[in-house]
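As a plain string of letters, each chain reads:
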Amino acid sequence: MTAYAAVVLAGGAGRRMGGRDKSVLPVGGVPMRERVLSAVADASPRILVGPGPAITGVRLTREVPPGGGPVTAVAAGLALLDTEVPAVALLAADLPLLTRSAVGDLLDHLPGFDRPRSAGTASLEGPGSATFDGACYVDRSGRRQTLCAVWRPAALRAALDRLRVRRGGDVTGAPLRELLAGLTVCEVTWHGDGPEPWFDCDTERDLRRAEEWTR
């Protein structure tokens, strides 16, 4: 099996949660960030970008400057990856319904990444598919869920370099869509059982809904 890495972004301000670190709020008795990290338990390394505290078996880092936005967080995570890592799952820390199978479906859509498959399961590669820089879920409206996605680290690094040039070297506050705008993406529709894996918790109502789904 070709190893993949995971970078989990947990540095958001949580404004709609009263400024709390929402990634440590529990769903089903387990902090959301730990639920996300469990969904990528087979990744190596697993990197958490945020204020901490540290988790055993997970590398902790922080974006520079702290609170500098998702692009600075992506940069901090990429800095800890070896150049030969072929794929990285880039995930928000507030996805309590994410599962290992959902991550696996994304990896199946990223050609060149080999993982164990069930008997009779075919590769999803197709003509021209090797040009994809990443694979991400899309919701029913066609919106890309770019923090529930897998990417080629080399493509992310190249995009980061281009963005730094455009912004005079400082990507603080840059939106994630600007970083990813030039990348070729395989859009994946969710066909699994249960709720969509990209469901995130921005409000107390979202937390209550997630609790209901995990019962």
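Everything here concerns the structure above.
Keep in mind it's a predicted model, so treat the numbers as computed, not measured.

1. What to know about the overall build of the protein chain
Line of reasoning, step 1. On a plain count of helices and strands, the protein chain comes out with 6 helices and 9 strands.
Line of reasoning, step 2. Here the protein chain, with 215 residues, has 46% of them falling under the buried criterion.
Line of reasoning, step 3. Excluding contacts between residues fewer than 6 apart, the proportion of contacts in the protein chain whose partners are at least 24 apart in sequence is 67%.
Line of reasoning, step 4. With an accessible surface of roughly 10,500 Å², the protein chain has 49% of that area assigned to carbon and sulfur atoms.

2. A few points about the environment of tryptophan 198
Line of reasoning, step 1. One can find tryptophan 198 in the loop between strand E9 (185–189) and helix H6 (204–214).
Line of reasoning, step 2. In this structure the C-alpha to C-alpha distance between tryptophan 198 and alanine 102, which are 96 residues apart in sequence, comes to 9.4 Å.
Line of reasoning, step 3. Ignoring any residue separated from it by four or fewer positions in sequence, one finds tryptophan 198 in contact with Leu95, Tyr137, Val138, Asp139, Gln145, Cys148 and Trp190.

3. Let's talk about the nonpolar core
Line of reasoning, step 1. Formed by 33 residues in total, the largest nonpolar core has its most connected members in Tyr4, Val40, Leu98 and Tyr137.
Line of reasoning, step 2. For this core, the secondary-structure elements that each account for two or more residues are strand E1 (5–9), helix H1 (32–39), strand E6 (88–92), helix H3 (100–108), strand E7 (134–138), strand E8 (144–151) and E9.
Line of reasoning, step 3. Tallying contributions element by element places H3 first for this core, with 4 residues.
Line of reasoning, step 4. In this structure, Ala76, Ala155, Leu156 and Leu163 belong to the second largest nonpolar core, which totals 30 residues.

4. So, the pattern of salt bridges
Line of reasoning, step 1. Here the structure, examined in full by the defined rule, presents 6 salt bridges.
Line of reasoning, step 2. The partner of lysine 22 in a salt bridge is aspartate 94, with the nearest N and O atoms 2.9 Å apart. Placement of lysine 22 in the loop between E1 and strand E2 (26–27) and of aspartate 94 in the loop between E6 and H3 is noted, with a sequence separation of 72 residues between them. With respect to burial, lysine 22 and aspartate 94 carry one shared label: buried.
Line of reasoning, step 3. Among the salt bridges present, the one from glutamate 178 reaches arginine 167, with a minimum N-O distance of 2.9 Å. Here the residue glutamate 178 occupies a position in helix H5 (residues 176–180), and arginine 167 occupies one in the loop between helix H4 (153–166) and H5, the gap between them amounting to 11 residues.
Line of reasoning, step 4. The class of glutamate 178 is partly exposed, set by a relative accessible area of 24%.
Line of reasoning, step 5. Through salt bridges that share partners, Lys22, Asp94 and Asp202 make up one connected network.

5. Here we look at the packing of aromatic side chains
Line of reasoning, step 1. Counted by the stated rule, this structure contains 3 aromatic pairs.
Line of reasoning, step 2. For the pair tyrosine 137 and tryptophan 190, a centre-to-centre distance of 5.8 Å together with 85 degrees between the ring planes defines the contact as edge-to-face. Of this pair, tyrosine 137 sits in strand E7 while tryptophan 190 sits in the loop between E9 and H6, placing them 53 residues apart in sequence.
Line of reasoning, step 3. Owing to a relative accessible area of 1%, tyrosine 137 belongs among the buried residues under this scheme.
Line of reasoning, step 4. Relative accessible area serves as the criterion here: at 16%, tryptophan 190 is assigned to the buried category.
Line of reasoning, step 5. A network of ring pairs unites the aromatic residues Tyr137, Trp190 and Trp198 as a single cluster.

What counts and what doesn't
- Residues numbered from 1 in each chain as written.
- Predicted model: local features only at pLDDT ≥ 70, side-chain atom pairs only at ≥ 80, totals over all residues.
- Heavy atoms only, no water.
- Helix = DSSP H or I, 4+ residues; strand = E, 2+ residues; numbered from the N terminus.
- Buried < 20%, exposed > 50% of the residue type's maximum accessible area, 1.4 Å probe, protein only.
- Contact = heavy atoms within 4.5 Å.
- Areas by Shrake-Rupley, 256 points an atom, 1.4 Å probe, with all protein chains shown as cover.
- Core = buried A, V, L, I, M, F, W, Y, C linked by side-chain atoms within 4.5 Å.
- Salt bridge = Lys/Arg side-chain N within 4 Å of Asp/Glu carboxyl O.
- Phe/Tyr/Trp six-rings, centres within 6.5 Å; stacked < 30°, edge-to-face > 60°.

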